[in-house]
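# Structural characterization, general
Each chain is listed here by its residues.
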Amino acid sequence: MEILRTVAELRQWSRKERNRSSHTIGLVPTMGALHAGHASLIRAAAASCDRVVVSIFVNPTQFGPNEDYAVYPRTFDADCALAQSEGASAVFAPAVEELYPAGAATFVEVEGLSHRLDGASRPGHFRGVATVVAKLLIAAEPDQAFFGQKDAAQVAVLRRMVADLRLSAEIVVCPIVREPDGLALSSRNLYLSPAERTQALTLSRAVRLVEGLAASGERRAATLITAARQAFAAEPAIRIDYIVLVDWATLEPVEIAAPGTLFAVAAYVGSTRLIDNAILG
Ligand code: AMP
């Protein structure tokens, strides 16, 4: 497996694979600290594309000033081993100055969408995400780029961006990978104390509850959201950030859930912010 450090190396690798060898290319953007959720994306990419490049980059522009950029887990050697064992052909792991050269002043702003859900509680977050993913898509020119439904609002922002910028990559969304007890895998789960780890189950419990109610015919958003809030009432140590039912494309609230409506929750467990969601059937 090749380790690529510069945009020029990534571009050269991609062009060589595509032009000389006629290979299709899959890109899996990550911030490292890889877990089984990331592994599922790499596996999906390897099943669908001839060559897979995994990017590992803790993107400073998507963190707020009081967020965990400095302490975000960095486990590069283990990440490379996992990427290779799941079928990656290359890892792209640039330095910050490589993606943001001195004086960098160009950002991608997906208006409207970028300020909803996580974008509302984390100002600038989706601007940072859209900017770094645009840079990766432009440099790697993948046929497909793989993202987790875990970050469902991010998917909405990136789909809009790819459509608007007329980028050629197809966005592929992979299901949420969970622990056996339901907790959605996240690199930030490492921050949870044992007590918080138990409290964190409230998110997946609320998601399951709403999925169940919707499956049995309850379509009123207000009723579904009230039910989810009641699940949180049992855990006063958790602070709800948002509980919403929105159109997955626009992230605008809906009053009546339809097939494809996104139910999403974000909450602080101690100082750790966790998210979970379901796409209603
Ligand atoms: P991150 O490293 O947190 O930026 O995540 C990189 C990619 O992995 C994103 O597309 C995430 O949505 C995806 N991802 C993170 N956690 C999970 C999970 N539990 N299941 C599926 N995909 C995930």
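Criteria and cut-off values
Residues numbered from 1 in each chain as written. Predicted model: local features only at pLDDT ≥ 70, side-chain atom pairs only at ≥ 80, totals over all residues. Heavy atoms only, no water. Helix = DSSP H or I, 4+ residues; strand = E, 2+ residues; numbered from the N terminus. Rg over C-alpha atoms; globule rule 2.2 N^0.38 Å. Buried < 20%, exposed > 50% of the residue type's maximum accessible area, 1.4 Å probe, protein only. Contact = heavy atoms within 4.5 Å. Areas by Shrake-Rupley, 256 points an atom, 1.4 Å probe, with all protein chains shown as cover. Expected span 1.5 Å × (residues − 1). Near = heavy atom within 4 Å. Polar contact = N/O pair within 3.5 Å; in protein donor to acceptor, adjacent residues only side chain to side chain. Nonpolar A, V, L, I, M, F, W, Y, C, P; charged D, E, K, R; others polar. Pairing = 2+ DSSP bridges. Axes fitted to C-alpha atoms, helices over the stretch in contact; angles between N-to-C directions. 1 Å grid on protein atoms, 1.4 Å probe; cavity = no way out; pocket = protein on both sides within 12 Å on 5 of 7 lines; lining within 4 Å. Points joined across faces, edges and corners; volume = space filled by probe spheres on them. Phe/Tyr/Trp six-rings, centres within 6.5 Å; stacked < 30°, edge-to-face > 60°. Lys NZ or Arg CZ within 6 Å of the ring centre and 35° of its normal.

Glancing now at the overall build of the protein chain. Looking only at helices and strands, the protein chain features 10 helices and 9 strands. Relative to the compact-globule value of 19 Å for 281 residues, the protein chain shows a C-alpha radius of gyration of 19 Å, a close match. The 281 residues of the protein chain split such that 52% are buried. In the protein chain, of all internal contacts separated by at least 6 residues, the share reaching a separation of at least 24 is 71%. Accessible surface, the protein chain as shown: approximately 12,500 Å² in total, 53% of it carbon and sulfur.

What follows deals with helix 6 (residues 125-140). Relative to the 22 Å expected for 16 residues at 1.5 Å per residue, helix 6 spans 23 Å between its end C-alpha atoms, a close match to the ideal helical length. Buried residues dominate helix 6, accounting for 13 of its 16 residues. Positive phi appears at E141, one or two residues downstream of helix 6, with a value of about 45°.

Attention now moves to the site of the ligand. What surrounds the ligand is a group of 17 residues, the closest being H38, G148, D151, V177 and L185. Here an oxygen atom of the ligand sits 2.9 Å away from a polar atom, N or O, in the main chain of M31. Contact between the ligand and G148: an oxygen atom at 2.9 Å from a main-chain N or O atom of the residue. Here the ligand, which alone exposes 490 Å², has 92% of that area covered by the protein. Going through the elements one at a time, strand 2 (25-30), helix 2 (36-48) and strand 5 (144-148) are the ones with two or more residues in the shell around the ligand. If one sorts the elements of the shell around the ligand by residue count, helix 2 sits on top with 3 residues. Of the residues belonging to the shell around the ligand, the class tally is 9 nonpolar, 6 polar and 2 charged.

This next bit is on the sheet that holds strand 9 (residues 272-279). Pairing in this open sheet of 3 strands is antiparallel, and the strands run 7-8-9 from one edge to the other. Looking at strand neighbours, the two that pair on one side only are strand 7 (238-247) and strand 9, the edges of this open sheet. Sheet twist, expressed as the mean angle between neighbouring strand axes with direction ignored, is 15°. Docked against the sheet, helix 9 (residues 201-215) engages strand 7, strand 8 (261-269) and strand 9, running at close to 15° with respect to strand 9.

Turning our eyes to something else, we now look at empty space enclosed by the protein. To locate leftover empty space, one rolls a probe as large as a water molecule over the atoms. Following the criterion strictly, the structure yields 1 cavity of 30 Å³ or more and no others. Size it by volume and the largest cavity reaches roughly 60 Å³. K150, L183, A184, S186, N189, A200, L203, S204, L274, I275 and D276 are the residues that line the largest cavity. At the level of secondary structure, the elements contributing two or more residues to the lining of the largest cavity comprise helix 9 and strand 9. In terms of residues, the lining of the largest cavity owes the most to one element, strand 9, which gives 3 residues.

Attention now goes to the packing of aromatic side chains. For any pair of aromatic rings, the description rests on two quantities: the centre-to-centre distance and the angle between the ring planes. One pass over the structure, following the stated rule, counts 3 aromatic pairs. When the ring of F63 is compared with that of Y72, the centres are 5.8 Å apart and the planes differ by 75°; the resulting orientation is edge-to-face. Accessibility classification places F63 together with Y72 in one group, the buried group. Counting every residue linked through ring pairs, the aromatic cluster contains F63, Y69 and Y72. Over the aromatic face of Y69 sits the side chain of R74, whose NZ or CZ is 5.0 Å from the ring centroid.

Glancing now at the sheet that holds strand 5. Read from one edge to the other, the open sheet built from 6 strands follows the order 1-4-3-2-5-6, with strand pairing classed as parallel. Strand pairing shows two members of the sheet lacking a second neighbour, strand 1 (2-4) and strand 6 (170-174), which therefore form its edges. Taken over all neighbouring pairs, the strand axes of this sheet differ in orientation by 25° on average, direction set aside. Note: strand 1 against strand 4 (residues 90-92), 3 bridges, orientation parallel.

With that settled, the discussion passes to the pairing of strand 9. Most of strand 9 sits out of view: 7 of its 8 residues are buried. Pairing geometry for strand 8 and strand 9, over 8 bridges, is antiparallel. Directly across from A264, in strand 9, lies its bridge partner N277. Hairpin connection of strand 8 to strand 9: 2 residues between the antiparallel strands, including G270 at a positive phi of 65°.

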